[in-house]
Amino acid sequence: MDDQKRRLLDCEKRAVGLLGRREHSRLELARKLADRGFVGDEVEPVLERLADEGWQSDQRFAESLIRSRAARRYGPDRIANELAQQGVDDSVVGAAFAAEPQDWEALAREHLVARFRKPAKDFPERARRHRHLVRRGFPADLAHELAGWWPDSESYQDVF
């Protein structure tokens, strides 16, 4: 076996090892392989083959990231930004959000209750909550709507 074939097999082995741990975007996987000393001529055919055989999928990566970030109460804007930084195409991001529907308003409400634990007393406190929700990736209009909100029912006591 010549050196080039051995390098390609080693590259593929490392890529499959990375994908065995968790989903990766194509760009992220290419970066990690480059960090391990593989060049573009070795990485591209391996990534093509892995994508063709279903080992690597930007769609699965996006859905996985949406689930994990929503579980940590991050909003859709921040998640979409993170996916864009990972090189996931906008059409794939849209399809992933459609495949992983979330009630973002309920998620933002849960986060407010868990984070602040008591109602806002004045305008500066409502503004602080608004900024916090926007930083967490929730749309500004939703953050504005919820900044002064507080639950009346006991159903949110489980969050504490």
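Please read all numbers here as calculations on a predicted model, not as lab measurements.

Draft legend 1. Main features of helix 1 (residues 3-21). An ideal rise of 1.5 Å per residue puts 27 Å on 19 residues; helix 1 measures up with 27 Å between its terminal C-alpha atoms. Turning to helix 1, its buried residues are Cys11, Glu12, Ala15, Leu18 and Leu19. Projected down its long axis, helix 1 shows its buried positions confined to an angular sector of 125°, all on one face. Counted as exposed and oriented over 90 degrees from the buried face of helix 1: Asp3, Lys13, Gly20 and Arg21. Structurally, helix 1 contributes buried residues whose contacts are with helix 2 (26-35) and helix 3 (40-52).

Draft legend 2. Representation of the pattern of salt bridges in the model. Evaluated as defined, the whole model comprises 14 salt bridges. Here Glu12 ties to Arg49 by a salt bridge, and the two come within 2.4 Å at their closest N and O atoms. Taken together, the positions of Glu12 in helix 1 and Arg49 in helix 3 put the pair 37 residues apart, joining distant regions of the chain. A salt bridge links Arg129 to Glu125, with the nearest nitrogen and oxygen atoms 3.0 Å apart. Of this pair, Arg129 and Glu125 both sit in helix 8 (residues 123-135), four residues apart, roughly one helical turn. On the accessibility criterion, Arg129 (2% relative accessible area) is buried.

Draft legend 3. Region of interest: the packing of helix 1 against helix 2. Running from amino to carboxyl end, helix 1 crosses helix 2 at an angle of 130°, the nearest separation of the two axes being 10 Å. For the element pair helix 1 / helix 2, the angle class is oblique. Here helix 1 runs over helix 2; the crossing is right-handed. Side by side, helix 1 and helix 2 meet where Cys11, Arg14, Ala15, Leu18 and Leu19 of the first sit next to Leu29, Lys32 and Leu33 of the second. The residue makeup of the contact of helix 1 with helix 2, split by class, is six nonpolar, no polar and two charged.

Draft legend 4. Geometry of the side chain of Glu12. Here Glu12 falls in the buried class, since its relative accessible area comes to 18%. Ignoring sequence-local partners within four residues, the contact set of Glu12 consists of Val46 and Arg49.

Draft legend 5. Structural detail: the nonpolar core. With 25 residues, the main nonpolar core has Ile79, Leu83, Trp104, Leu133, Phe138 and Leu146 as its most contacted residues. Of all the secondary-structure elements, those providing two or more residues to this core are helix 4 (58-71), helix 5 (76-85), helix 6 (90-99), helix 7 (104-116) and helix 9 (140-146). For this core, the element with the most residues is helix 7, which contributes six residues. Apart from the residues lying within four places of it in its own chain, the contact partners of Trp104 are Ala70, Tyr74, Gly75, Pro76, Ile79, Phe97, Phe138 and Leu142. Counting 11 residues, the second largest nonpolar core, distinct from the first, contains Leu19, Leu33, Val46 and Leu47.

Draft legend 6. The arrangement of helix 4 in detail. The end-to-end C-alpha distance of helix 4, which contains 14 residues, comes to 20 Å, matching closely the 20 Å that a straight helix rising 1.5 Å per residue would cover. When helix 4 is considered as a whole, its buried residues turn out to be Asp58, Phe61, Ala62, Glu63, Leu65, Ile66, Arg69 and Ala70. Considering only its buried residues, helix 4 is in contact with helix 2, helix 5, helix 6 and helix 7. At the N-terminal end of helix 4, a side-chain oxygen is found 3.3 Å from the backbone nitrogen of Gln59, two or three residues along, and the residue is Ser57. Just downstream of helix 4 lies Arg73, where phi reads positive at about 65°.

Draft legend 7. Representation of the packing of aromatic side chains within the structure. Per the counting criterion, the structure on display carries one aromatic pair. Geometrically, the ring pair formed by Phe97 and Trp104 is edge-to-face, given 6.1 Å between the ring centres and 65° between the ring planes. The two residues Phe97 and Trp104 agree in class, both being buried. Here the guanidinium or amino end of Arg115 rests over the ring plane of Phe116, the centre of that ring lying 5.1 Å away.

Conventions adopted
- Residues numbered from 1 in each chain as written.
- Predicted model: local features only at pLDDT ≥ 70, side-chain atom pairs only at ≥ 80, totals over all residues.
- Heavy atoms only, no water.
- Helix = DSSP H or I, 4+ residues; strand = E, 2+ residues; numbered from the N terminus.
- Expected span 1.5 Å × (residues − 1).
- Buried < 20%, exposed > 50% of the residue type's maximum accessible area, 1.4 Å probe, protein only.
- Arc of directions from axis to C-beta.
- Contact = heavy atoms within 4.5 Å.
- Salt bridge = Lys/Arg side-chain N within 4 Å of Asp/Glu carboxyl O.
- Axes fitted to C-alpha atoms, helices over the stretch in contact; angles between N-to-C directions.
- Parallel < 35°, antiparallel > 145°, perpendicular 65-115°, else oblique.
- Left-handed = near helix turned anticlockwise from the far one by under 90°.
- Nonpolar A, V, L, I, M, F, W, Y, C, P; charged D, E, K, R; others polar.
- Core = buried A, V, L, I, M, F, W, Y, C linked by side-chain atoms within 4.5 Å.
- Polar contact = N/O pair within 3.5 Å; in protein donor to acceptor, adjacent residues only side chain to side chain.
- Phe/Tyr/Trp six-rings, centres within 6.5 Å; stacked < 30°, edge-to-face > 60°.
- Lys NZ or Arg CZ within 6 Å of the ring centre and 35° of its normal.

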